[in-house]
Amino acid sequence: MKKIFAMLTVILFCGTMMVSCNKENNTNNTQYPTKADMAGTWEGSFQGSTTIGNAPENYTINWVLTLNPEGSSNVGSLKYTAKFATLQDLSNEVIVNDYYPFQNAMQGRIKLTGNMMAGIVEDMIDFDIDLKAHTFKGILEIHTSLDEESVSLGGETTLKKK
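Note that the structure is a prediction, hence the values are computed from the model and not measured.

A. Representation of the packing of aromatic side chains in the model. Inspection of the entire model under this criterion finds six aromatic pairs. Taking the centre distance of 6.2 Å and the plane angle of 45 degrees together, the rings of Tyr59 and Phe84 count as tilted. Of this pair, Tyr59 sits in strand 2 (residues 55-67) while Phe84 sits in strand 3 (residues 76-84); the two residues are 25 residues apart in sequence, bridging distant segments of the chain. With relative accessibility at 6%, the residue Tyr59 sits in the buried group. Relative accessible area serves as the criterion here: at 10%, Phe84 is assigned to the buried category. When the ring of Tyr100 is compared with that of Phe102, the centres are 6.1 Å apart and the planes differ by 65 degrees; the resulting orientation is edge-to-face.

So this is what it looks like as C-alpha cells:
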C-alpha cells in the first residue's frame, strides 16, 4: 500500500510539473507596428558638439520625417536643419522611396534616395518603434565639410509623431 501511495504521489507530482512547465501562452496580445502606424510626420532633434578648426562647436540638428500613407503620390521625405553656435546653418531634404515595419518586431526601416548629396550617412535607417509612446528611435547622422574639415554630426535620435 505504501508503494502504491508513493507511486501515485510521484505520478501526480510529475503530471503537475509537466502541465505547469508546458503551459503555452496562446493569448499573445503584442501589437506589432504596421505601415499605417508608421505613416505621419515625425520630428526630433539631436544636440551635440564637435571640434572644427581646433575650436569646439555646439550644434543642434532638427529632423522632420514625413511618411505618407500607401497610395499617396509620393512616399515621403526626410529633412534636417543643422544649427551651429558660430557657423552657417545647413539644411537639406531627401526623398524616402520606401518604408516598412519588420515582421513580428518593434522595428522598421526607411530607404532614402539622394542621401549622399544631402550628406545623410546611411541610405537605409532602422528604427525602434514604440507604438504607445508614438516614437521612433534610430541613428540619424550627416557628414559634411565645415571650414574645409570633413565632420560627421548626429547620433541616436528619438522622433515623436506629430
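B. The sheet that holds strand 4 (residues 90-101), seen in detail. Taking strand neighbours around the barrel as the criterion, the eight strands line up as 1-2-3-4-5-6-7-8 in a closed arrangement whose pairing is antiparallel. Within the sheet, the average angular offset between the axes of one strand and its neighbour, ignoring direction, is 30 degrees. Of the pairings in the sheet, the one linking strand 7 (residues 135-146) to strand 8 (residues 149-161) comprises 12 bridges and is antiparallel in character. Paired with Glu141 across the two strands is Gly154, which belongs to strand 8.

C. Representation of the side chain of Thr66. Along the polypeptide, Thr66 turns up in strand 2. In this structure, Thr66 is in contact with Gly40, Thr41, Val75, Gly76 and Ser77, ignoring residues within four places of it in sequence.

D. Summary view of the pattern of salt bridges. Tallied over the entire structure, the rule returns three salt bridges. Taking the shortest distance from any N to any O, the salt bridge between Lys35 and Asp98 comes out at 3.6 Å. Placement of the pair is Lys35 in helix 2 (residues 35-38) and Asp98 in strand 4, with a sequence separation of 63 residues.

Reading the values: the criteria
- Residues numbered from 1 in each chain as written.
- Predicted model: local features only at pLDDT ≥ 70, side-chain atom pairs only at ≥ 80, totals over all residues.
- Heavy atoms only, no water.
- Phe/Tyr/Trp six-rings, centres within 6.5 Å; stacked < 30°, edge-to-face > 60°.
- Helix = DSSP H or I, 4+ residues; strand = E, 2+ residues; numbered from the N terminus.
- Buried < 20%, exposed > 50% of the residue type's maximum accessible area, 1.4 Å probe, protein only.
- Pairing = 2+ DSSP bridges.
- Axes fitted to C-alpha atoms, helices over the stretch in contact; angles between N-to-C directions.
- Contact = heavy atoms within 4.5 Å.
- Salt bridge = Lys/Arg side-chain N within 4 Å of Asp/Glu carboxyl O.

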